[in-house]
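Below, each chain spelled out in residue letters.
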Amino acid sequence: MVGTLVIDSIHPDDRERVRERLDACTGSPDWVSMETFRLPHIDGSWRWMEARAKNLLGDPAVGAILCVSRDVTEARRLAQQLHEAERLARFGHWRWTKGAMAPTWSAGVAKILDRPLQDIPAGGDWHLELIHPDDRAAAAETFLRIGRAGGQARLSYRFHHRGGRWLHLLANLTAVA
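First things first, this report covers the structure right here in the doc. (Residues numbered from 1 in each chain as written. Predicted model: local features only at pLDDT ≥ 70, side-chain atom pairs only at ≥ 80, totals over all residues. Heavy atoms only, no water.)

Here we take up helix 6 (residues 136-149). Across its 14 residues, helix 6 extends 20 Å between first and last C-alpha, which sits within 8% of the 20 Å expected from 1.5 Å per residue. Among all positions in helix 6, only Ala139, Thr142, Phe143 and Ile146 are buried. Axial view of helix 6: buried residues confined to an arc of 100 degrees, hence all on one face. Of the residues in helix 6, the exposed ones pointing more than 90 degrees away from the buried face are Ala137, Arg148 and Ala149. Elements in contact with the buried residues of helix 6: strand 4 (94-95), helix 5 (126-130), strand 6 (152-160) and strand 7 (166-174). (Helix = DSSP H or I, 4+ residues; strand = E, 2+ residues; numbered from the N terminus. Expected span 1.5 Å × (residues − 1). Buried < 20%, exposed > 50% of the residue type's maximum accessible area, 1.4 Å probe, protein only. Arc of directions from axis to C-beta. Contact = heavy atoms within 4.5 Å.)

Right under this line is the structure:
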């Protein structure tokens, strides 16, 4: 890249924004700017860079724009994964082993119901507290059918939220041997 202006290598979607910020930096003594943009990698992919630029044109010892940059591609990827995990955290799961009095609840279910995990009923009458009275018969029939015959089912029912309201939940049930 010797003899090439870095600005010309910046991803087209980022180039004009970075050029404007660099122009502002060049025109203002002691200007400091932090920018994130993409540069091409030798393998052909785009890498996310974070660069901090400071106008040191007025400093006779430097006489340039000082730019320190680092590759933040992995950090951005992890941040996107965290965001996706947080979005998906609205999901919960439970496992009801044959012979057990009640399902084992995940932290996701506790979050959905706004209850501490240890406060979700674990006794044989758990359904009386959690499942809406009008949905109990259909839920029990579905649980029994899946438990006996195996397979899969989808069940829509209402669960009791700690705040007193009923939440409509959709469960994808699968019998696991």
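Let us look at helix 2 (residues 12-26). With 15 residues, helix 2 should cover 21 Å at 1.5 Å per step; its first-to-last C-alpha distance of 21 Å lies within 8% of that length. All of the buried residues along helix 2 are Asp14, Val18 and Cys25. Check the buried side of helix 2 and you find it contacts helix 1 (6-9), strand 1 (32-40), strand 2 (46-56) and strand 3 (64-71).

Turning next to the environment of Ala107. Summarising the element assignment, Ala107 is placed in helix 4 (residues 107-113). In this structure Ala107 comes out as exposed when scored by relative accessible area, which is 54%.

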